[in-house]
Each structure stands twice: as C-alpha cells, then as structure tokens.
Amino acid sequence: MLPYVFRRLLQAIPILLAVAALIFVLFSVIPGNFASTQMADGRSVVDAATIARMNEQFGLNDPLHLRFAKYIGDLVTFDLGNSFRTRQPVVWALAERLWPSLQLAFAAMFFAIVIGVPLGFLAALKPGSWIDMLSMIFAVSGLSLPMFWLGLLLMYAFALTLGWFPSFGYGDGDLRYIVLPAIALGVSPLALLARTSRAAVLEVMNADFIRTARAKGASEIRVMRWHVLRNALVIVLTTLGLQFGSVIGQAVVVEKLFAWPGLGSLLVDSVTLRDIPVVQGCILTIVLFFLVVNIAVDVLCAVVDPRIKYS
Amino acid sequence: MKFRANLWIGGACFALVVAGGVFAPWFAHTDPVMDANLMNAEVPPGSEFWFGTDAQGRDIYSRVLYGARISLTVGIVSQLINTIIGVSLGLSAGYFGGWWDDFVNGLTNMMLAIPSLIFALAIMAILSPGLTSLLIALGLTNWSFTCRLTRAATLSVKAMGYVEAARSLGYGTFRIMATQILPNIAGPIIVIGTLGMGGAVLAEASLSFLGLGIRPPFPSWGSMLSDARDQISTAPWISIFPGLAIFLTVLGLNLLGDGLRDILDPHSRTRQA
C-alpha cells in the first residue's frame, strides 16, 4: 500500500507546480496593479510617484523571470509573501482561515453522505418505485439549485422567521452556526451522490458475480453486504473525491453569504482588493487541499478494491 | 417512440426562459434599469407589480425577464467557447497522439485540479467586471471534461474501418477529423455541452452575486440576489423570484441534457440505471 500512496503523492507534484506557474503567469500580466487600486477610492488623487514607490517596495518592477524564480523559490519554503493590504505574511492569513473552511467543507460533505448515499441505495433497490422517482426528482432539483439562493431561503426560514439557528457568523465553534451553511453547501453534492450511488448499485446488481453469488445460495443480505455494497462503494468514493473540489469552489459563495471566516471569503475579499499574494495563496491552498483529498480517496478506493493498486 | 418526461419538461422550462429573454421588451412592464421609484419601494407581489418591487422601487418581474438575456448569453456563449476549446484539444490529442497528447493530458489534469469557479474568480480578478470578462472567465475554465470525453471517443472511433477507408481514399487529416470522426462522437459532446450550459448559468449567477460579474444596476439574477440579501427580513420576495428563475433555467438545461443523453449517448451508464 505504501508504494502506491507514495506514487500518487509524486504524481501530484507536477500538477501543483503547473498550477503555481499558471497562477503566476495570470497575475503577472495583471493590467491594474495594487498601488493604483489602493488609491483609486474616488477621494484621493493618485500620485505617480507614490505608485512608483509602492511598486518598488513590493518588488513589482523586477523583470518577470526574476520574479518567477523568486516566487517558486519562496513557494518551496512555504513563503507566500506578504499581503499587500495587511503587510502580514500570507501564510498567517491562510492558517487562520483554513480551519473554518475545513469545518464547513467536511460538515457539508457529511450532510451529503449520510443522506445522499442511503437515498441512492434505497432508490436502486426498488427501481421504478415511488421512492426511486421521488429521490431522483429531488436529485435533479438539488443539482440545479443555486446554493446562495438556497442559503438565503434557509436564512429567512430557519434564522429570521423561526429563530432556530443564527443567521450568519462563525460563533467561535458553536455548532449551531455551521448548520445552515453546511446544508446550503451540501445539497448539490447530496444530489449527485444519490444519483451516483443509485447508478452504481444498479450497475453492480447486473454484474455476473452477483448472479454467481445468488446461484451459490448466498443470502440476500450477504449479497448486498459483501458483493453489491463493496463494489458500488468504489464508484461512490470516486464521485466523493471529485465533489470535494466543487464543494471547496462553491464554498466561496456560501462563506460570503453567511459571513463565514473561511478561505473562500478571504479569496473573494482579496480578489476585490487585488491583493494578489493572498489570492495566489488561497488558490494554491485550495488546489493543494483538493489534490490531497483526491489522493486520500484513491487510497481508500484501493483499500476497498485491491484490484486498483496494481493497475 | 418512448415518451421522455425529462426531455419534454426540460425543453419546456428552457423554452420558457428563452422566450422570456427574447420577448422581454414586449412582456416587461417597465424599464429594468431606469424605472426606479422610491415611492414604490418594497411593494409586495400583487396585481400591479406581479413579483413585487425592490428597495429602489423597480419592478422585479421586468428585471427578472431582462435578466434572462444576460444569463442565457453567458450560458450559451461561454459554453460554446468551452466546447470549441475542449473538442479541438481532445480531437487533435486523440487523433495525433504522441507528445501533443501528453501535453494536452497534462493541461487537462492541471485544469481539473483547479475548481472551475475558483479559476474563473482568479480571471475576474484581472479583468474588470462586465459581460465580456465573464464570457472569457467562464469560457476558458470549464473545457476539461469535454476535452477528456472527446479524446476518449476519438481514440475509439479512430480505429474504425470507415476512418481507415477514408484514409485510403486519400482524405486529408482535417477532413477525416471533421467529416468522419466528429459526426460520430457528437452525441456525448452535445450532452455534456447542455449540462455545462446549466453550470455556466449557475457560475455567472455566483460571480455576479459576489459582485465580480455583472455590476448593478444591470439586471443579472445573481446581482439581484446580492441586493436582496440586505432586505431579506423586510422584503423576502426580492430574493425569491430571481432565484426561482436561475433554478428553472438550470433545471431545464439539466433535464434536457439527461433526456438528450438517453437518445444520443445510449452507451452511457445512466441509461442502464
């Protein structure tokens, strides 16, 4: 197992480097720079000398290749530079925001898994029944719902009208604060998981080895538990890994709506202010997290289905 | 032929939204941007204002109709750009193989590692907010699935007898790709394009909601929802209708995509399911 994990980790390095290079290229051609955006608040007149001084101070005047070499060098030592706005190391800001983001992502995925997977399995056991119809209508609707709209409606219903949950904020670890954002964020992966689990179970049920197991006289519970569940799980796990990426992406909107102090809201604020080092740091962290989750999922798949690690 | 509920319901939803957008000037009651009237601020839905009015007293019904134009333009054009990029890269990679295939694969893997909304956000950080920037940001960031699919389909079709026959007849490379391979792999590409369009409509709404897409006062459903957030406790109807419009559009496209998949891509897994 260990060589497999190692191999998957090695495969992630070029992707991470390519993403880093892409982000650098993207932001080094940026037309408006931080200094002029800082000053253009409509009140103060932009002084060319000030901009030149700020560009000098932040090293924005150096040739591109020098900046890139320095950027990669810093990256390897986890030095992501200082925020243009707060002048503090980007790594600090990221470290502060990472935990709330992880909490939200995992809470949303938890919600999606505990409801979505059983729903898909139930639907697949009785194809064409009302529960199948209902869960698939629910799944298609869930995939089409804009998360921030759902969030707004949840906020209105459960926070402002019923008063069951706080409407926004982090609440220093108070679990009631995470419920609404996690539901808003989790509905779309829930829908996809329900659909994928249903399709996976139906596909496995038609396989030859299921017929063989039944022919051998295995009980229905044994067939389900050892043959269907285990094989369907690989497909479900793979979807789960891919969904994590979109959850992290979508979290940007949900975090902003619920004023959740995660990476997403940091990213949006930094994009608005063109605080490039922070934007780069956020994107790199998100990509890194996504890669790690996918490697973890691949390893889990290999644990569930030993055929995978040899291919 | 079997009655396909998803195709018909999806088609109907989508047609409704298209009609709303195209005929907005005839259906709308007021100008969506100019007719602000603070005397009418936050009027609940009723006979005069069907969907109510917003904080500036603008008719939400008219704004939702005009909003369809932005959503559909962004959805269709950006997905078209994605499809063109994805198909050209995937088709050429599958057909030529070799270093080009490796390069395209690397590029696709990199794109798949960045959540597309995050990538679009990064591009919007460079460009100034507006329609063109949105089209660029969303058109460049969501082609990786189309590319993968096209490449895989090309690889399987390339080995077919009719492609070999065309080659023996002296067809040029481009002609083989355009007349022999592309028509035979078009089904799954159309399906993924339709589903992607729904994704693009959602992404536009998200970016506009964050204030990085279409800027107010122009009526994009996303920016309308962003404005509505401040009035959620006093005027919840401002939040309901733009969101419903997004939901209807994306639902329509998703159902349409599913229905088309059953017809155009009978080998896919959902068919068995």
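The preceding data block contains the structure.
In this report, the structure presented in the accompanying data block is examined. Going along each chain's sequence as written, the residues are numbered from 1 onward. Lettering for chains starts from A, numbering for ligands starts from 1, and both go in the order in which the items are written. Totals for whole chains, interfaces and linings use every residue, but because this is a predicted model, local features are given only for residues with pLDDT of at least 70 and side-chain atom pairs only at 80 or more, for both listing and counting.

### Describing the overall build of chain A
Right, so step 1: Along chain A, the regular secondary structure elements total 12 helices and 0 strands.
Right, so step 2: Shown N-terminal to C-terminal, the secondary structure of chain A runs as helices and strands in the order α-α-α-α-α-α-α-α-α-α-α-α.
Right, so step 3: Neighbour counting defines burial: a residue surrounded by 20 or more other C-beta atoms within 10 Å of its own C-beta is buried, one with 12 or fewer is exposed, and intermediate counts give partly exposed, using backbone-placed C-beta atoms. When each of the 311 residues of chain A is scored for burial, the buried share is 39%.
Right, so step 4: By the convention adopted here, residues make contact when the C-beta atoms placed from their backbones lie within 7 Å. Taking the intrachain contacts of chain A between residues at least 6 apart in sequence as the baseline, contacts between residues at least 24 apart amount to 73%. In this text, helices come from DSSP runs of H or I with a minimum length of four residues, and strands from runs of E with a minimum of two, each type numbered from the N-terminal end.

### Focus on the overall build of chain B
Right, so step 1: On a plain count of helices and strands, chain B comes out with 12 helices and 0 strands.
Right, so step 2: Ordered by position in the sequence, the α and β elements of chain B form the string α-α-α-α-α-α-α-α-α-α-α-α.
Right, so step 3: Each principal axis of the C-alpha distribution contributes one length, and for chain B these read about 75 × 50 × 30 Å.
Right, so step 4: For chain B, with 273 residues in total, the buried portion stands at 47%.
Right, so step 5: When contacts within chain B are restricted to residue pairs at least 6 apart in sequence, long-range pairs at least 24 apart make up 70% of them.

### Regarding the interface of chain B and chain A
Right, so step 1: Each partner contributes residues to the interface: chain B has 39 residues there, and chain A has 45 residues.
Right, so step 2: Secondary structure elements with two or more residues in the side of chain B that touches chain A: helix H4 (98–113), helix H5 (116–126), helix H9 (173–209), helix H11 (237–264) and helix H12 (269–272) of chain B.

### Side note on the environment of Ile85 of chain B
Right, so step 1: Tracing the sequence through the fold places Ile85 of chain B in helix H3 (residues 60–96).
Right, so step 2: It is 8.5 Å that separates the C-alpha atoms of Ile85 of chain B and Thr146 of chain B, two residues lying 61 residues apart in sequence.

### As for the nonpolar core
Right, so step 1: Judged by nonpolar contacts, the single largest core of 144 residues is most densely connected at Ala120 and Leu121 of chain B.
Right, so step 2: At 18 residues, the largest contribution of residues to this core is made by helix H8 (residues 176–205) of chain A.
Right, so step 3: Setting aside chain neighbours within four positions, we find Ala120 of chain B in contact with Ala137, Leu138, Thr141, Ala203 and Leu207 of chain B.
Right, so step 4: Among the nonpolar cores identified, the runner-up in size contains 5 residues, and Leu89, Ala93, Val104 and Trp143 of chain B belong to it. In this usage, the nonpolar core is the set of buried Ala, Val, Leu, Ile, Met, Phe, Trp, Tyr and Cys residues whose C-beta atoms join them within 7 Å.

### Some details on the packing of helix H5 (residues 90–125) of chain A against helix H11 (residues 263–273) of chain A
Residue and element names in this part refer to chain A.
Right, so step 1: The angle between two axes is taken between their N-to-C directions and runs from 0 to 180 degrees, where each axis is a line fitted to C-alpha atoms and a helix contributes only its stretch in contact. Across the interface, H5 lies against H11 with an axial gap of 7 Å and an inter-helix angle of 135 degrees. In terms of orientation, H5 and H11 fall into the oblique class. On H11, the residues touching Ala93, Arg97, Leu98 and Ser101 of H5 are Leu263, Gly264 and Leu266.
Right, so step 2: Throughout this entry, Asp, Glu, Lys and Arg are counted as charged residues, while Ala, Val, Leu, Ile, Met, Phe, Trp, Tyr, Cys and Pro are counted as nonpolar. The remaining residues, Gly among them, count as polar. Among the residues forming the contact of H5 with H11, the class breakdown is 4 nonpolar, 2 polar and 1 charged. Roughly parallel means an angle under 35 degrees; roughly antiparallel, over 145; roughly perpendicular, 65 to 115; everything else is oblique.

### Details of H5 of chain B
Because each turn of an α-helix spans 3.6 residues, side chains separated by three or four positions end up pointing in the same direction.
Right, so step 1: Of all 11 residues in H5 of chain B, 10 are buried, a share of seventy percent or more.
Right, so step 2: Within the span of H5 of chain B, buried status applies to Ser116, Leu117, Ile118, Phe119, Ala120, Leu121, Ala122, Ile123, Met124 and Ala125 of chain B.

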